[in-house]
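Coordinate inspection notes
Each chain, letter by letter, is given below.
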Amino acid sequence: MTTLTKMFGKSQTQLYRWGRDPDCCEDVERNPLDRTNAILERLCELGRDDIAQAAVSILAKTIDCELVCIRPAYPDKTSIEAECLEDYPPLIRLHQAILSNEDPETVRHLWQCAKQELDETWEMYLRKKCTRA
């Protein structure tokens, strides 16, 4: 508690307010995590998932973790060949960024885009494989 009071410059009473459940306590206040989450939700509402994901990715790296999106891959092409061809542009952009020594966050974003395309191809492959069996 001493560390948190020093870190935030707030009293213990304020820190306890942040931790209380608003459904069963009267003396509560939104804590920094709740406020951060509200900002991320608003960014998503505005269609800026990319900024929200970048912010969470930065936080995850602080504790040696990596953000992994849990949305399933939905192939947007009608054939496995078309899905395979769609893998190349994001992969080329990723390689160009790496070879140009671009900012790590930019490279990370491009890497995730390339992985998403590969996931779509994998999903299409599995669908085709299951229908042939």
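In this report, the structure presented in the accompanying data block is examined. A quick note: this is a predicted structure, and the numbers were derived from the prediction, not measured. (Residues numbered from 1 in each chain as written. Predicted model: local features only at pLDDT ≥ 70, side-chain atom pairs only at ≥ 80, totals over all residues. Heavy atoms only, no water.)

Here we look at the environment of Tyr16
In this structure, Tyr16 sits in helix H2 (residues 12-19). Residues Tyr16 and Met1, 15 residues apart in the sequence, show an inter-C-alpha distance of 9.7 Å. (Helix = DSSP H or I, 4+ residues; strand = E, 2+ residues; numbered from the N terminus.)

Here's the deal with a nonpolar patch on the surface
Where nonpolar side chains cluster on the molecular surface, the patch consists of Met1, Leu4, Met7, Phe8 and Tyr16 and spans about 500 Å² of accessible area. Broken down by element, the nonpolar patch gets its largest block of residues, three residues, from helix H1 (residues 2-8). (Patch = residues over 30% accessible without salt bridge, like charges linked within 9 Å, V, L, I, M, F, W, Y side chains within 5 Å. Areas by Shrake-Rupley, 256 points an atom, 1.4 Å probe, with all protein chains shown as cover. Salt bridge = Lys/Arg side-chain N within 4 Å of Asp/Glu carboxyl O.)

Description of the nonpolar core
Core analysis: the largest hydrophobic core is formed by five residues, namely Leu94, Ala97, Val107, Leu110 and Ala114. Those elements that place two or more of their residues in this core are helix H5 (80-99) and helix H6 (104-132). What Ala114 contacts, discounting residues up to four positions off in sequence, is Pro90, Leu91 and Leu94. (Core = buried A, V, L, I, M, F, W, Y, C linked by side-chain atoms within 4.5 Å. Buried < 20%, exposed > 50% of the residue type's maximum accessible area, 1.4 Å probe, protein only. Contact = heavy atoms within 4.5 Å.)

What to know about unusual backbone geometry
In this structure, Asp64 is a non-glycine residue whose phi angle is positive, near 55°. For Asp64, the location among the structural elements is in the loop between helix H4 (49-62) and H5. Taking the relative accessible area as the measure of exposure, Asp64 reaches 75% and is therefore exposed. Not every positive phi belongs to a glycine, and Asn101 is a case in point at roughly 55°. Locating Asn101 in the fold gives a position in the loop between H5 and H6. Looking at Asn101, the relative accessible area reads 70%, which means it is exposed.

Considering H5
Taking 1.5 Å as the rise per residue, H5 with 20 residues should run 28 Å; its terminal C-alpha atoms sit 29 Å apart, in good agreement. Listed as buried for H5 are Ile80, Glu83, Glu86, Asp87, Pro90, Leu94 and Ala97. (Expected span 1.5 Å × (residues − 1).)

Things to note about the packing of aromatic side chains
The final tally for this structure, using the stated rule, is two aromatic pairs. Centroid distance Phe8 to Trp18: 5.2 Å. Interplanar angle 90°. Geometry classified as edge-to-face. Here Phe8, found in helix H1, pairs with Trp18, found in helix H2; they are 10 residues apart in sequence, far enough to count as distant. Residue placement shows Lys115 over the ring face of Trp111; its charged tip is 3.9 Å from the ring centre. (Phe/Tyr/Trp six-rings, centres within 6.5 Å; stacked < 30°, edge-to-face > 60°. Lys NZ or Arg CZ within 6 Å of the ring centre and 35° of its normal.)

So, helix H3 (residues 32-45)
An α-helical turn contains 3.6 residues, so a residue and the one three or four places further along point in the same direction. When the terminal C-alpha atoms of H3 are compared, their 20 Å separation across 14 residues agrees well with the 20 Å that a helix rising 1.5 Å per residue should span. At the N-terminal boundary of H3, the capping side chain belongs to Asn31, with an oxygen 2.9 Å from the backbone nitrogen of Leu33. Just downstream of H3, Gly47 is the residue with a positive phi angle, here 80°. (Polar contact = N/O pair within 3.5 Å; in protein donor to acceptor, adjacent residues only side chain to side chain.)

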